Amino acid sequence: MVTFVVGLVILIVGGFFYGGFTEKLFGPDDRKTPAYRLENGVDFVPMDKKKNSLIQLLNIAGTGPILGPIQGILFGPVAFILIPLGCVLAGGIHDYMSGMISIRENGDQMPDLIKKFLGKRIFYVYLVFLCLLMLLVGSVFIYTPGDLMVGQVLNLSVSPNNFVVWLVYGIIFIYYLVATLFPIDKIIGKIYPIFGVVLLLSALGIFMGIFLKGYTLNELSFSNILGIHPQGLNVIPMFFVTVACGILSGFHSTQSTLIARSVKHEKEGRNTFYNMMMIEGFIAMTWAAAAMGIYNKGIDAKFIGTASVVGIVAKDFLGNFGGIIAILGVIVLPITSGDTALRSLRLMIADFFKFDQKPAKNRVIVSACIFVPVIIILVYAKLNANGFNILWRYFAWSNQTIGVFAFAMITVYLMKVKKAYFPALIPGMFYCFIVSSYILNAKIGFNIPLNLAYIISIVIVAAYGFLTVRTGNSKMNIGEKLAD
């Protein structure tokens, strides 16, 4: 239990001080935000800071900070240290800077920010990558909450032959469509407070259960600091890919820029963006500890590391009724990420083609182009025995790759405005190494021996750092010439 508590202290204390440093580095002021300057009643809508923070939390907290730690804790108690360190030093600054730069740049979404600060060639690569990621997010976040609802709440088979499965998928799909089409304050702004209560109750219930139930949590030592995964997987890169959303997620940058269009005052950014990432870290820590406790208690080995652990943990910690509430909280998470993923994809496509989204007809046209491929991906994943596992692995890897792009953009922005840029460049280089070594070594990638993958990744990281700084220097020179 000591290692777990130390991790919580790192998360809370580190988040407080490094959050303050990050805020000071950016320097929020009293200028009028895009929510007021560009208000259109659809996407640019001033909203209360508490509502913005809650929406941001629900947007970024999908199944990643739950399913990721359930698998990630198999690496041992080192997870209790790596999760909070990653949240404080990488995830928090990534989410905060993405949102705040968007506010300074008229509410521009990530593709436009990438284009402006990294150039057109990188922009086109990023846009294709991001659109594919968003489609995968929308698909898997229909699949996972649907199966949890049918299997854990209704206690029915999740076989594709079960009509109820497709009915539940259809209900979630219709909700996504409505949330994508209607103004942000009419649907998302109204229903999210209810979802938020369910989420917080479930997370707090599991957290309290960890202490009240007296489960055994392993302690960090020299013998397990490098990981003790039963399949012999290395902490680097596998742990950081496995626990993507609980530490760093490129998807978060797209959600921060979405909420940036609703923030009333720049000084609300720390709580809306940075602190919500710390809460996601708390959710990840909670489920990591709960999973370790239930594993140590002894469960059927076939369930270890699977989504079934959610139900086992919830019902063992909280009983049948409380367990259902906790499971509903887990179901809420992916739904509240999937809807805004598809909404932000609509915005990005519309912005790219300069297609005005105020007329309802235009929103319907763009949404139709999004939802058809989502249906195709969902059906493939459900009917193919290994389809979902393949999609999830690519999703996890591409998710953090998007984060590497975001860190490069943040680095260049900080260089342009003559601020310290290493707090963004260093985590960007670290995650460049993670995603490079993973795809080079993984069977779904190039299947290169790990040591060779490490060597090649070092070269890629050096190139990433050099090109990012060179781009930042060019932006600085352009700014100085314009000033002259």
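Scroll up to find the structure.
Just so it is clear, the structure is predicted and the values come from calculations on it, not from any experiment.

Observations regarding the overall build of the protein
Working step 1: A count of helical and extended segments in the protein gives 18 helices and zero strands.
Working step 2: Relative to its length of 484 residues, the protein is compact, with a C-alpha radius of gyration of 21 Å against a globular reference of 23 Å.
Working step 3: Projected onto its principal axes, the C-alpha coordinates of the protein cover approximately 70 × 55 × 40 Å.
Working step 4: Among the 484 residues that make up the protein, the fraction classed as buried is 58%.
Working step 5: Restricting to contacts in the protein with at least 6 residues of sequence separation, those with at least 24 account for 82%.
Working step 6: If you sum the accessible surface of the protein, you get close to 19200 Å²; carbon and sulfur atoms cover 69% of it.
Working step 7: Computed over 37 positive and 23 negative side-chain charges, the inter-centroid distance for the protein is 3 Å.

Looking at the nonpolar core
Working step 1: Formed by 150 residues in total, the largest nonpolar core has its most connected members in I83 and F239.
Working step 2: For this core, the element with the highest residue contribution is helix α16 (residues 387–416), accounting for 17 residues.
Working step 3: Leave out the neighbours within four places in its chain, and F239 touches G72, F75, A79, L82, I83, N234 and I247.

Regarding a nonpolar patch on the surface
Working step 1: A contiguous nonpolar surface patch, about 690 Å² in accessible area, is contributed by V5, V9, I12, V13, F16, F17 and F211.
Working step 2: The biggest single contributor to the nonpolar patch is helix α1 (residues 2–26), with six residues.
Working step 3: Following the sequence through the fold, V5 ends up in helix α1.
Working step 4: Taking relative accessible area as the criterion, V5 reaches 35% and is therefore assigned partly exposed.

Notes on α1
Working step 1: Its 25 residues place the ends of α1 35 Å apart at the C-alpha level, agreeing with the 36 Å of an ideal helix rising 1.5 Å per residue.
Working step 2: Most pronounced at G15, the bend in α1 amounts to some 30°.
Working step 3: Among all positions in α1, only T3, F4, G7, L8, L11, G15, Y18, G19, T22, E23, L25 and F26 are buried.
Working step 4: G27, located one to two residues past α1, shows a positive phi value of around 80°.

Re the packing of aromatic side chains
Working step 1: Summed over the entire model, instances satisfying the criterion amount to 26 aromatic pairs.
Working step 2: A centroid spacing of 5.7 Å and a plane angle of 55° characterise the contact between F129 and W397, whose relative ring orientation is tilted. Of this pair, F129 sits in helix α7 (residues 120–153) while W397 sits in helix α16; the two residues are 268 residues apart in sequence, bridging distant segments of the chain.
Working step 3: Since its relative accessible area comes to 16%, W397 is described here as buried.
Working step 4: An angle of 85° between the planes, with centres 5.3 Å apart, marks the rings of F430 and Y431 as edge-to-face.
Working step 5: Take Y431: its relative accessible area is 2%, and that puts it in the buried class.
Working step 6: Chaining the aromatic ring pairs together yields one cluster made of F4, F80, F207, F211 and F282.
Working step 7: Here the basic side chain of R270 rests over the ring of F16, its NZ or CZ set 5.5 Å away from the ring centre.
Working step 8: Sitting over the face of the ring of Y143, K382 holds its NZ or CZ atom 4.9 Å from the ring centroid.

A few points about the side chain of H229
Working step 1: Its place among the elements puts H229 in the loop between α9 (188–212) and α10 (235–242).
Working step 2: We classify H229 as buried; its relative accessible area is 12%.
Working step 3: Within the structure, H229 has its side chain in polar contact with the backbone nitrogen of Q231 (distance 3.0 Å).
Working step 4: Beyond its immediate chain neighbours, meaning those up to four positions away, H229 contacts L74 and F75.

Observations concerning the pattern of salt bridges
Working step 1: Following the criterion strictly, the structure yields nine salt bridges and no others.
Working step 2: Between R270 and E23 there is a salt bridge, and its shortest N-O distance comes to 3.6 Å. Highlighted residues: R270 in helix α13 (residues 269–297) and E23 in helix α1, separated in sequence by 247 residues. Take R270 and E23: they sit in the same class, and that class is buried.
Working step 3: Residues D29 and R31 are paired through a salt bridge, measuring 2.7 Å at the closest nitrogen-oxygen approach.
Working step 4: Residue classification places R31 among the partly exposed positions, given a relative accessible area of 44%.
Working step 5: Look at the salt bridges and you will find they share partners, linking D29, R31, R104 and E266 into a network.

Concerning α7
Working step 1: Along its 34 residues, α7 runs 48 Å from first to last C-alpha, staying within 8% of the 50 Å computed at 1.5 Å per residue.
Working step 2: Of the residues flanking the end of α7, it is N155, one or two places downstream, whose phi is positive at about 55°.

Let's talk about unusual backbone geometry
Working step 1: Here the bond from I236 into P237 is cis, since omega is 10°, no more than 30 degrees from zero.
Working step 2: One non-glycine residue, N106, adopts positive backbone phi at about 60°.
Working step 3: Relative to the assigned elements, N106 resides in the loop between α5 (79–104) and α6 (110–118).
Working step 4: Owing to a relative accessible area of 39%, N106 belongs among the partly exposed residues under this scheme.
Working step 5: Although it is not a glycine, K418 sits at a positive phi angle of roughly 60°.
Working step 6: Relative to the elements of secondary structure, K418 occurs in the loop between α16 and α17 (422–441).

Thoughts on the packing of helix α15 (residues 360–383) against α16
Working step 1: Relative orientation of the contacting elements α15 and α16 amounts to 125°, with a least axis distance of 6 Å. Taken together, the axes of α15 and α16 lie oblique to each other. Of the residues in α16, those touching α15 at I377, Y380 and A381 are G387, F388 and L391.
Working step 2: Split by residue class, the contact of α15 with α16 holds five nonpolar, one polar and no charged.

A closer look at the packing of α5 against α16
Working step 1: It is the contact of α5 with α16, at a shortest axis distance of 10 Å, that shows an interaxial angle of 60°. It follows from the interaxial angle that α5 and α16 lie oblique. As α5 runs across α16, the sense of the crossing is left-handed. Here A90, I93, H94, M97, S98, I101 and R104 of α5 come into contact with α16, specifically with G403, A406, F407, M409, I410, Y413 and L414.
Working step 2: Classifying every residue of the contact of α5 with α16 gives ten nonpolar, three polar and one charged.

The rules we used
Residues numbered from 1 in each chain as written. Predicted model: local features only at pLDDT ≥ 70, side-chain atom pairs only at ≥ 80, totals over all residues. Heavy atoms only, no water. Helix = DSSP H or I, 4+ residues; strand = E, 2+ residues; numbered from the N terminus. Rg over C-alpha atoms; globule rule 2.2 N^0.38 Å. Buried < 20%, exposed > 50% of the residue type's maximum accessible area, 1.4 Å probe, protein only. Contact = heavy atoms within 4.5 Å. Areas by Shrake-Rupley, 256 points an atom, 1.4 Å probe, with all protein chains shown as cover. Lys, Arg positive; Asp, Glu negative; His and termini not counted. Charge placed at Lys NZ, Arg CZ, Asp CG, Glu CD. Core = buried A, V, L, I, M, F, W, Y, C linked by side-chain atoms within 4.5 Å. Patch = residues over 30% accessible without salt bridge, like charges linked within 9 Å, V, L, I, M, F, W, Y side chains within 5 Å. Salt bridge = Lys/Arg side-chain N within 4 Å of Asp/Glu carboxyl O. Expected span 1.5 Å × (residues − 1). Bend = angle between axes of the 7 residues up to and from the residue. Phe/Tyr/Trp six-rings, centres within 6.5 Å; stacked < 30°, edge-to-face > 60°. Lys NZ or Arg CZ within 6 Å of the ring centre and 35° of its normal. Polar contact = N/O pair within 3.5 Å; in protein donor to acceptor, adjacent residues only side chain to side chain. Axes fitted to C-alpha atoms, helices over the stretch in contact; angles between N-to-C directions. Parallel < 35°, antiparallel > 145°, perpendicular 65-115°, else oblique. Nonpolar A, V, L, I, M, F, W, Y, C, P; charged D, E, K, R; others polar. Left-handed = near helix turned anticlockwise from the far one by under 90°.

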